[in-house]
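The chain contents come next:
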Amino acid sequence: MSDYQLLIIGGGPAGLTAGIYATRARLNTLLLEKIVPGGQIASSEWVENYPGFPDGISGFDLGELMKDQAIKHGLEIKMAEAVGIELVNGAKVVKTAEGSYTADAVIIAGGSEHARLGVPGEEELLGRGLSFCATCDGPFFRDREVAVIGGGNIAITDALFLTRFASKVYVIHRRDQLRADRIMQERAFKNNKTEFIWDTVLDAIEGPDSVNSLHLHNVKTGKKSILKISGVFMAVGTRPNTEYLSGIIKLGQGGTVPVNSQMETEIPGIFAAGDIREGSIRQVVAAAGDGAIAAMAAEKYIG
Amino acid sequence: MSNTIEVNDSNFKRIVEDSPRPVLVDLWAPWCAPCIKVGPIVEELAREYDGRADFVKVNVDESPRVASAYGVQSIPTLLFFKGGKPMSQIVGLRAKEELKKNLDNLMG
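Residues numbered from 1 in each chain as written. Chains lettered and ligands numbered in written order. Predicted model: local features only at pLDDT ≥ 70, side-chain atom pairs only at ≥ 80, totals over all residues.

With 19 residues of chain B at the interface, the matching set in chain A holds 25 residues. Every element with two or more residues in the side of chain B that touches chain A is listed here: helix H2 (33–48), strand E5 (85–91) and helix H4 (96–107) of chain B. In terms of residues, the side of chain B that touches chain A owes the most to one element, H2(B), which gives four residues. Per-class residue counts for the side of chain B that touches chain A are 10 nonpolar, five polar and four charged. (Contact = placed C-beta atoms within 7 Å. Helix = DSSP H or I, 4+ residues; strand = E, 2+ residues; numbered from the N terminus. Nonpolar A, V, L, I, M, F, W, Y, C, P; charged D, E, K, R; others polar.)

As a further point, take the packing of helix H1 (residues 13–24) of chain A against helix H6 (residues 284–302) of chain A. All names here are of chain A. Contact pair H1 / H6: the axes reach a minimum separation of 7 Å and the direction vectors enclose 40°. Between H1 and H6, the interaxial angle falls into the category oblique. For the crossing formed where H1 meets H6, the hand is right-handed. Between H1 and H6, the contacting residues are Pro-13, Ala-14, Gly-15, Thr-17, Ala-18, Tyr-21 and Ala-22 on the first element and Val-284, Ala-287, Ala-288, Asp-290, Gly-291, Ala-292, Ala-294, Ala-295, Met-296 and Ala-298 on the second. For the contact of H1 with H6, a count of residues per class yields 13 nonpolar, three polar and one charged. (Axes fitted to C-alpha atoms, helices over the stretch in contact; angles between N-to-C directions. Parallel < 35°, antiparallel > 145°, perpendicular 65-115°, else oblique. Left-handed = near helix turned anticlockwise from the far one by under 90°.)

So, about H1(A). Residues and elements named next belong to chain A. Relative to the 16 Å expected for 12 residues at 1.5 Å per residue, H1 spans 16 Å between its end C-alpha atoms, a close match to the ideal helical length. Burial analysis of H1 places 11 of its 12 residues in the buried class, which makes it a mostly covered element. For H1, every residue scored as buried is listed here: Pro-13, Ala-14, Gly-15, Leu-16, Thr-17, Ala-18, Gly-19, Ile-20, Tyr-21, Ala-22 and Thr-23. Packed against the buried residues of H1 are strand E1 (4–9), strand E2 (29–33), helix H2 (59–72), strand E6 (99–108) and H6. Note on H1: the residue one or two positions beyond its end, Arg-26, has a positive phi of about 65°. (Expected span 1.5 Å × (residues − 1). Buried ≥ 20, exposed ≤ 12 C-beta atoms within 10 Å, placed from the backbone.)

As a further point, take the packing of helix H4 (residues 153–162) of chain A against helix H5 (residues 182–190) of chain A. Residue and element names in this part refer to chain A. Two elements in contact, H4 and H5, have axes whose closest approach is 10 Å; the angle formed by their N-to-C orientations is 35°. Two packed elements cross with a definite hand, and for H4 against H5 that hand is left-handed. For the pair H4 and H5, the contacting residues are Asn-153, Ile-156, Thr-157, Ala-159 and Leu-160 in the first and Met-184, Gln-185, Arg-187 and Ala-188 in the second. Here the residues of the contact of H4 with H5 sort into five nonpolar, three polar and one charged.

The terminal C-alpha atoms of H2(B) lie 24 Å apart, and with 16 residues this matches the ideal 22 Å at 1.5 Å per residue to within 8%. Ala33(B), Pro34(B), Cys35(B), Lys37(B), Val38(B), Ile41(B), Val42(B), Leu45(B) and Ala46(B) are the residues of H2(B) that are buried. Tucked inside the fold, the buried residues of H2(B) contact H2 and helix H3 (134–137) of chain A together with strand E2 (23–28), strand E3 (54–59) and H4 of chain B.

Residue and element names in this part refer to chain A. Read from one edge of the open sheet, five strands run E8-E15-E9-E10-E11, paired in parallel fashion. This sheet does not close on itself; its edge strands, each paired only once, are strand E8 (130–131) and strand E11 (194–197). Of the pairings in the sheet, the one linking strand E9 (residues 145–149) to strand E10 (residues 168–172) comprises five bridges and is parallel in character. Paired with Glu-145 across the bridge in E10 is Lys-168. H4 contacts E9, E10, E11 and strand E15 (231–234) of the sheet and is inclined by roughly 170° relative to E9. (Pairing = 2+ DSSP bridges.)

Structure follows, in structure tokens:
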């Protein structure tokens, strides 16, 4: 007999929503979280597109509320990082550094982390002018010039947040238009502290002790340039936390987990939800929706 | 009761740099969501390593000199001091296990 009927890997919006549905379905459920529950959204200063909050809500508060709601319904949460899954006579064995747990079904909802470009200086200057968290580090750059790399919602939200502190915010994007929501684009174009550098990619970040300049090149003209700045904020997308699954599930595009409309993977009883699954639009509301679907499908599977 | 001490620009040298024991310094600020999440993890470590290492917190908003002295421009940052010198640095929210490995290495 398994330790749990359902095991959820990951405590972001997908995993916590799955937890709410599973506990309400009276499934004996354990959620494993490798750091602390809440998910990536915790670093978002303000979430304006999650329904039910007409004035928006801080990402931190939204994550905390989801966690509180799951715990209120009886979800058990353990801090442990899943490092592997094995199948033993139909049961799923999820391995962590602190031991293994068996379950009848598993929902993989481990989300994603910041993608890195792999350019020179990126590792060395992390925490020394290079940041992945504008809401954490923006105030360090009061009255200084900074750059944001990227053109999606996170990049533009970060750029707008940084205009409160920095004297100038360059947005460096590899294309000639942004991917961010139109409303965010309008705000960014209207702001007089932002300057857009289009069709341009980052080749290197120069120190030596802290970020001093960016080496750039224009992808259309091939022209190289150097931009002097004090801080650089990376918002170049995410990569799914699926390395440990490569031996058990065939991964899809960009290392995501392929699923059908019921969030079922190719292995019966293993589901995936949220940013980690192939085709995700990587929005909180979609992750929550995935979590609900996966939990209901898991309930049906467990029977 | 808290096992971590709040340290500032003026007593940092006495409590951290002059300490005979290893010290984990948690640089944080109230506006930083991941910092708020690091807090309880550091608190747990302080209990587990009680008597073997000291655990202090520096609010970079109130005490900016510590951060600038050690070139810290991202929070949360954890600095592991031994013999008055920072021996390792961890930037960002990390799992407790990873922090324990760093501490164990430091105590060797």
